[in-house]
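Notes for the structure review
For reference, the chains in residue letters:
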Amino acid sequence: MAQLQTLIKAKRECENSAREQFRAIAGPIRQEEKALIKSLHEQLAAGTITRDEANAQLEAFKTKNAATVQAAAEAMKTAVQACNDTLEAAIVAMLTPEQLLLWNQWKATGTNPCETSPING
């Protein structure tokens, strides 16, 4: 159980690292977008731009940054999958042959292969 808890903790740290890497890329872009939106609202209120111009500027910003954010999201997804794969490989490595059989049965069917008794009889 202690080994399993250590593995799960390592997986969580791995996932947190992947999320932090995403935030490091996407965070500044989101902040820049918020600042742009605020500026556009101010310009609209002052009457220095039209709604169409504001929408065009916002869409241009989103288009310019979409590929970067998408790539960061895909990298995070890949990294999280690697965290999961590492955890699973470590679990499989510590199972006995009998446990591995049950593990594979559980993965294949999604049902608990172990006998359980109902609570309170």
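Just so we're clear, the structure is a prediction, and the values are computed from it rather than from any experiment.

Considering helix α1 (residues 2-46)
- The terminal C-alpha atoms of α1, which comprises 45 residues, lie 63 Å apart, in line with the 66 Å expected from a rise of 1.5 Å per residue.
- Lys 11, Glu 15, Ala 18, Phe 22, Ala 26, Ile 29, Leu 36 and Leu 40 are the residues of α1 that are buried.
- Check the buried side of α1 and you find it contacts α2 (51-94).
- At the exit of α1 stands Gly 47, carrying a positive phi of roughly 80 degrees.

Quick look at the side chain of Lys 11
- If you trace the backbone, Lys 11 turns up in helix α1.
- At a separation of 3.2 Å, a polar atom in the side chain of Lys 11 contacts the side chain of Asn 84.
- Apart from the residues within four sequence positions on either side, Lys 11 is in contact with Cys 83, Asn 84 and Leu 87.

Some points on the nonpolar core
- Listed in full, the seven residues of the largest apolar core are Ile 29, Leu 36, Leu 40, Ile 49, Ala 54, Leu 58 and Phe 61.
- Leaving out residues up to four positions away in the same chain, Ile 49 has contacts with Leu 40, Gln 43, Leu 44, Ala 54 and Gln 57.

Let's talk about the packing of α2 against helix α3 (residues 97-109)
- One way to put it is that α2 packs onto α3 with a least axis distance of 9 Å and a crossing angle of 145 degrees. Seen from α2, the contacting residues are Glu 88, Ile 91, Val 92 and Met 94; seen from α3, they are Gln 99, Leu 100, Trp 103 and Lys 107.
- Among the residues forming the contact of α2 with α3, the class breakdown is five nonpolar, one polar and two charged.

What about the state of the cysteines?
- Counted under the stated rule, the structure contains one disulfide.
- What pairs with Cys 14 in a disulfide is Cys 83, and their sulfur atoms sit 1.9 Å apart. Between Cys 14 and Cys 83, the S-S torsion sits near -75 degrees, and that sign places the bridge as left-handed. Of the two residues, Cys 14 is situated in helix α1 and Cys 83 in helix α2; the sequence distance between them amounts to 69 residues.
- Judged by relative accessible area, Cys 14 falls into the partly exposed class, the value being 32%.

Cut-off values and rules
Residues numbered from 1 in each chain as written. Predicted model: local features only at pLDDT ≥ 70, side-chain atom pairs only at ≥ 80, totals over all residues. Heavy atoms only, no water. Helix = DSSP H or I, 4+ residues; strand = E, 2+ residues; numbered from the N terminus. Expected span 1.5 Å × (residues − 1). Buried < 20%, exposed > 50% of the residue type's maximum accessible area, 1.4 Å probe, protein only. Contact = heavy atoms within 4.5 Å. Polar contact = N/O pair within 3.5 Å; in protein donor to acceptor, adjacent residues only side chain to side chain. Core = buried A, V, L, I, M, F, W, Y, C linked by side-chain atoms within 4.5 Å. Axes fitted to C-alpha atoms, helices over the stretch in contact; angles between N-to-C directions. Nonpolar A, V, L, I, M, F, W, Y, C, P; charged D, E, K, R; others polar. Disulfide = S-S within 2.5 Å.

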